[in-house]
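# Tertiary structure, described
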Amino acid sequence: MFAFRSFRARNPDSMSTELSISARAMARLPGADAGELAHLVGLNPEQRAAVEATEGPVLVLAGAGTGKTRVLTSRLAHLIASRRAQPWQILSVTFTNKAAREMRERAGTMIGPAAQGLQWLGTFHLVSALILRRHAELVGLKSTFTILDMDDQHRLLKQVIAAANIDEKRWTARYLASLIDSWKNRALSPDKVALDEAYSFANGKGAELYATYQGRLRVLNACDFGDLLVHCVTIFRNHPDVLAEYHERFRYILVDEYQDTNIAQYLWLRLLAQKHRNLCVVGDDDQSIYGWRGAEVDNILRFENDFPGAKIIRLERNYRSTEHILAAASGLITANRDRLGKTLWTEESGGQKVLVRGVWDGDAEARLIADDVETWRRQGGRYAQAAILVRASWQMRAFEERFILLGIPYKVIGGPRFFERAEIRDAHAYLRLIRSESDDLAFERIANTPKRGIGDTTIAKIATASRAAEIPLARMAATLLATDELKGPAKAGLKQFLMDLDRWRLRSREIPHPELAELILEESGYTDMLRADKGPQSASKLENLKELVQAMSQFDSLAAYLEHVELVMDVERHEDGDSVQISTLHASKGLEWPLVFLPGWEEEVFPSKRALDEKGQKALEEERRLAYVGVTRARESARISFAANRQIFGRWQSVLPSRFVDELPPNHVEAVSETGYFAGGGGSAAEKFAAYGPLGLDVGAGFGSGYSSPGWKRAQASGMGASSSAAPIKPKIIEGESRLIGKSGPGDAHFAKGARVFHDKFGYGRVTHVEGAKLTVDFEKSGEKRVIDTFVKAA
DNA sequence: TCCGAGCCACTTTTT
DNA sequence: GTGGCTCGGA
């Protein structure tokens, strides 16, 4: 640290090859300042090699739990401490904001305040935006361009489609967005889109619409996520002088999760690394799970060819999981064909086998897992040590409901994200309109929110005129007010709105931006609108807006704040105590927990039917990698489960265990059905479980499986199992609940039958039945539910 | 212009 | 089971 601080004072330009060599020599001296080598302490030989191979292209194949992040941060520290580069001469790109944050934090603990100098550490999109702001004019944008999020993009595309007289039902904006995205992922401009692909939308209009969309973006002085990368690539290609500037700046390049890079990102990196060739990429082909988003596993498979002479270092020692977990995951992934191949090993022998359990239905699965969590907790574990990882977010609901019922605290990772909530986006639209009058998308979003009489027809009138005159909506609205074009409530509302905007814009120069936000939300009537709304969520929406104002105060200016939210669609989550984590498998990558639940391992759910339909074998391998990622998140215990029946689209369907269940190596798995134990190995899981008749797979095998039948529904509603198999489960639940009731005891909140109550999730309702602390409430919106009294307030 | 009723298709996964 | 959209009446 010491050596480092004194070094910071030096002029960065004085760094010469000579100094660099001497620094290198110093770093290798065993007797060198211990502080300087601190970042190498405790690394295993392979990790150390990866850290010290600073020059030339390097590919670090880092299996799950092999200390990948550690290597990256140590390498960063090493480059700086050995004086090969100043912090601002290193480009470190990650895939997610979370990873970037973690890297910055960990680098901070290693190299101290110098980590502040790591200005070029961030996601591909963040770094691209920084670069693009400086050269925006080279691609026809102003440096103040806005970055559209998916919602903006979607609305814009809808307009484009409608303007082209294409049936939006047949050809959805969503689909066009995905096509355009996939083109941008490959850095294809509208004129480069292959004919057959252009034909995949509205009989050949694909490329044309893409071009129209890009034109609209230019008029709006905006770009979408994909553009950030593509524009940079365009600039680097067409302006060698600009590229040279960045060659000079970035002496070393580090890339995390290289297996997730798409073609545009690959080109971006190749252009930037072309001169010094000090490119170090870290990744794991077995954890490539973003193919649907354009990631090319090929990038990592081909690295040696792309960068001749590349060093390849394999990190295979796993520090995370026990032997059985690792072996189960490894066994599973061997079914994949296209892989570089690694053999993970660990010194943690034994441990629990991977538990595979079959249950009757999704509810039973939620009960089982919730019970496990409570057992874990009773035995001294913490909630936060457990995670439930699902394939798709709709699967989360069952667990959330169960946890709410039992009072188990939980947190959804990557759930409905803060900045994507409607109220937050509305607030942002107001602020964006203050920042720039020409933000048409923002204008459209909030012109009539809250209602001020400016309906669709009025907006359409303004839009037509504004497009013809090529001036922003807000300005055209002002022009139209001076004419007789508009009348009645529309005119009055619009006039008031424009006056408000002007006033707020003036105020924005006088008062701090968080205060401005509060002012706008009050004066626009937005908060009043929410207060008047008695829906179950309006209270939490108001809370979110408060949180927004809070978040804003952490930035110097409104502009800085907006720039941040546009790029970092994620908010730093304050760790609020001890709660079970519920996450998608995708969002779980890079994380770990002692206890990991992997529910929903059923055909068509996981592997996902949709993925298989679209991409076939390739998707299957990706789904399998997802399974691999899931299992390798566990340190002590991985518990896979599947149900025989599941409600999909609101209908009961009988489902089969996932093929992945059968691919698990039997020696490392302990399989359990609700009715008893059986030995794993041989035969399909479906057969094995079916053999335990009561589990009921055979029952559901018949057509139109009786589970949507009235009888089944009645059985479900009455809480009784429909077959003998469900019966043994029931007592368990009752036990679980009474235990909880005992815990919450004669609580502070008592409700009588007939009392009106409010619940955060379910809204308002009336108590229909009281049983200790357990209430049955008939909710106005969501029907009858059983809840614990501490979760409702008197209303 | 607004709002409710009824119809629809839909659910991967994210910067 | 949800949310988005259309249609008809106030």
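Everything discussed here concerns the structure shown above.
Residues numbered from 1 in each chain as written. Chains lettered and ligands numbered in written order. Predicted model: local features only at pLDDT ≥ 70, side-chain atom pairs only at ≥ 80, totals over all residues. Heavy atoms only, no water.

### Digging into the pairing of strand β1 (residues 58–62)
Which entries qualify depends on this criterion: Only protein chains enter the area calculation, which uses a 1.4 Å probe; residues under 20% of their type maximum are buried, those over 50% are exposed, and those in between are partly exposed. Think of it this way: any DSSP run of H or I at least four residues long counts as a helix, any run of E at least two long counts as a strand, and we number them from the N terminus. Strands pair, by our definition, only if DSSP identifies at least two bridges between them.
The buried count for β1 comes to five of five residues, which makes it a mostly enclosed element. Taking every second residue as pointing to the same face, both faces of β1 are buried, with V58, V60 and A62 on one and L59 and L61 on the other. Here five bridges tie β1 to strand β8 (residues 311–315), and the two strands are oriented parallel to one another. Bridge pairing in β8 places V58 opposite K311. In this structure, β1 lies alongside strand β7 (residues 279–283), joined through four bridges in parallel fashion. Within β7, the position partnered with L61 by the bridge is G283.

### Description of the protein's contact with DNA strand B
How we decide: When we say a residue is near a molecule or strand, we mean one of its heavy atoms is within 4 Å of it. As used in this structure description, the phrase polar contact means that two N or O atoms lie within 3.5 Å; if the pair is within protein, one of them must be able to donate a hydrogen and the other to accept it, and residues adjacent in sequence are counted only when both atoms belong to side chains. Residue polarity follows a fixed list, in which Ala, Val, Leu, Ile, Met, Phe, Trp, Tyr, Cys and Pro are nonpolar, Asp, Glu, Lys and Arg are charged, and the others, Gly among them, are polar.
In the vicinity of DNA strand B there are 27 residues, among which R391, S393, T457, R610 and F649 approach most closely. Sugar plus phosphate, as a fraction of atoms of DNA strand B within 4 Å of the protein: 56%. Separating a phosphate oxygen of DNA strand B from a side-chain N or O atom of R174 is a distance of 2.8 Å. In this structure, a base oxygen belonging to DNA strand B sits 3.4 Å away from a side-chain N or O atom of H586. Those elements that place two or more of their residues in the surface near DNA strand B are α22 (456–469), α29 (585–588) and α30 (609–631). Counting residues per element, the surface near DNA strand B draws most heavily on α30, at three residues. Of the residues assigned to the surface near DNA strand B, the class counts are 10 nonpolar, 10 polar and seven charged.

### Quick notes on the packing of helix α5 (residues 68–81) against helix α6 (residues 97–111)
Note the cut-off: Only the stretch in contact is used when fitting a helix axis, every axis being a line fitted to C-alpha atoms; angles between N-to-C directions are given from 0 to 180 degrees. In what follows, roughly perpendicular refers to angles from 65 to 115 degrees, roughly parallel to angles under 35, roughly antiparallel to angles over 145, and oblique to any angle outside these ranges. The handedness criterion is simple: a crossing whose near helix is rotated anticlockwise from the far helix by less than a right angle is left-handed, and one whose near helix is rotated clockwise is right-handed. Here a residue-residue contact requires only that any non-hydrogen atoms of the pair lie within 4.5 Å.
The geometry of α5 relative to α6 is characterised by a closest axis approach of 9 Å and an angle of 50° between their N-to-C directions. As the angle between them shows, α5 and α6 are arranged oblique. Pair α5 / α6 crosses with right-handed handedness. Only E102, M103, R106, A107, M110 and I111 of α6 make contact with α5, whose side of the interface consists of T69, R70, L72, T73, S74, L76, A77 and I80.

### Digging into the packing of aromatic side chains
So the rule is basically this: Stacked, tilted and edge-to-face pairs are distinguished by plane angle, under 30 degrees for stacked and over 60 for edge-to-face with tilted covering the rest, among Phe, Tyr and Trp rings (Trp via its six-membered ring) whose centres lie within 6.5 Å. Two conditions define a charge sitting above a ring: the NZ of Lys or the CZ of Arg must be within 6 Å of the ring centre, and it must be within 35 degrees of the ring normal.
According to the stated counting rule, one finds 17 aromatic pairs in the structure shown. Ring pairs connect the aromatic residues W120, F236, Y246 and F250, which therefore count as one cluster. Between the NZ or CZ atom of R170 and the centre of the ring of W171, over which it lies, the distance is 4.3 Å. In this structure, R293 packs its charged tip against the face of Y290, placed 4.9 Å from the ring centre.

### Details of the sheet that holds strand β2 (residues 90–94)
One open sheet accounts for six strands, arranged β3-β2-β6-β7-β1-β8; its pairing is parallel. Bordering the open sheet on either side are β3 (121–123) and β8, each of which pairs with just one other strand. Looking at each pair of strands side by side, their axes are set apart by 15° on average, direction ignored. Sheet contacts for α5: β1, β2, β3, β6 (252–255), β7 and β8; angle to β6, the most-contacted strand, approximately 170°.

### Things to note about the pattern of salt bridges
Applicable threshold: One speaks of a salt bridge when a side-chain nitrogen belonging to Lys or Arg is within 4 Å of a carboxyl oxygen belonging to Asp or Glu.
Scanning the model with the defined rule gives 50 salt bridges in all. In this structure, R302 and D306 form a salt bridge, with 3.2 Å as the shortest nitrogen-oxygen distance. Residue classification places D306 among the partly exposed residues on the basis of a relative accessible area of 21%. Note that R505 and D502 form a salt bridge whose closest N and O atoms lie 3.7 Å from each other. Pair noted here: R505 and D502 are both in helix α24 (residues 488–507), with a separation of three residues, about one helical turn. What emerges from the salt-bridge pattern is a single network uniting D149, D151, D152, R155, R425, D426, R432, D439 and R445.

### Comments concerning the protein's contact with DNA strand C
DNA strand C sits among K158, F649 and G650. Between DNA strand C and F649, the relevant distance is 3.3 Å, taken from a base oxygen to a main-chain nitrogen or oxygen of the residue.

### Considering the environment of M552
Here M552 is to be found in helix α27 (residues 538–552). Here M552 falls in the buried class, since its relative accessible area comes to 0%. Sequence spacing of M552 and D151 is 401 residues, and the spatial spacing of their C-alpha atoms is 21 Å. Among all residues touching M552, those that are not within four sequence positions of it are L431, H513, P514, A517, L558 and Y561.

### Side note on the pairing of strand β14 (residues 634–648)
Of all the 15 residues making up β14, 12 are buried; the element is thus mostly covered by neighbouring parts of the structure. Sheet topology places strand β9 (residues 354–361) next to β14; six bridges connect them, and they run parallel. Within β14, the position partnered with V359 by the bridge is A643. Two elements, strand β13 (residues 593–598) and β14, share five bridges in a ladder whose sense is parallel. Note on β14: the bridge partner recorded for F597 is R639. Of the pairings in the sheet, the one linking β14 to strand β15 (residues 651–654) comprises four bridges and is antiparallel in character. Bridged to R646 within β15 is Q653. Between the end of β14 and the start of β15, which pair antiparallel, lie two residues, with F649 showing a positive phi angle near 55°.

### Thoughts on unusual backbone geometry
Each neighbour pair has its own omega, and for T449 with P450 the value is 0°, a cis peptide bond. The topology assignment puts P450 in the loop between α21 (440–446) and α22. The omega torsion across F606 and P607 is 10°, close enough to zero to call that bond cis. Tracing the sequence through the fold places P607 in the loop between β13 and α30.

### Here we look at the side chain of H586
Its place among the elements puts H586 in helix α29. A polar contact is formed between the side chain of H586 and the backbone oxygen of I289, at a distance of 3.0 Å. In this structure the side chain of H586 is engaged in a polar contact, spanning 3.3 Å, whose partner is the side chain of W292. Ignoring any residue separated from it by four or fewer positions in sequence, one finds H586 in contact with I289, Y290, W292, R391 and L626.

### Some remarks on helix α13 (residues 240–249)
Using the following cut-off: It is the directions from the helix axis to the C-beta atoms whose arc is reported.
Considered for burial, the residues of α13 that qualify are V242, L243, Y246 and H247. Buried residues of α13 fall within an arc of 145° about the axis and therefore sit on the same side. Turning to α13, the residues buried within the fold contact α7 (124–135), α12 (225–238) and α14 (263–273).

### Considering the side chain of S82
Inspection of the secondary structure puts S82 in the loop between α5 and β2. At a separation of 2.6 Å, a polar atom in the side chain of S82 contacts the main-chain carbonyl oxygen of H78. At a separation of 2.5 Å, a polar atom in the side chain of S82 contacts the side chain of R84.

### Side note on α5
To keep things clear, this is the line we draw: In this analysis, the expected span of each helix is defined as 1.5 Å times one less than the number of residues it contains.
Here α5 is 14 residues long and its end C-alpha atoms lie 20 Å apart, about the 20 Å a rise of 1.5 Å per residue gives. Counting buried residues in α5 gives 12 out of 14 residues, a clear majority hidden from the surface.

### Some thoughts on the environment of L188
By secondary structure assignment, the location of L188 is in the loop between α9 (173–185) and α10 (195–198). Exposure remark for L188: the relative accessible area of 18% places this residue in the buried category. Along the sequence, L188 and V139 sit 49 residues apart, while their C-alpha atoms lie 15 Å from each other. Dropping the residues within four chain positions of it, L188 is found in contact with W183, V193 and Y210.

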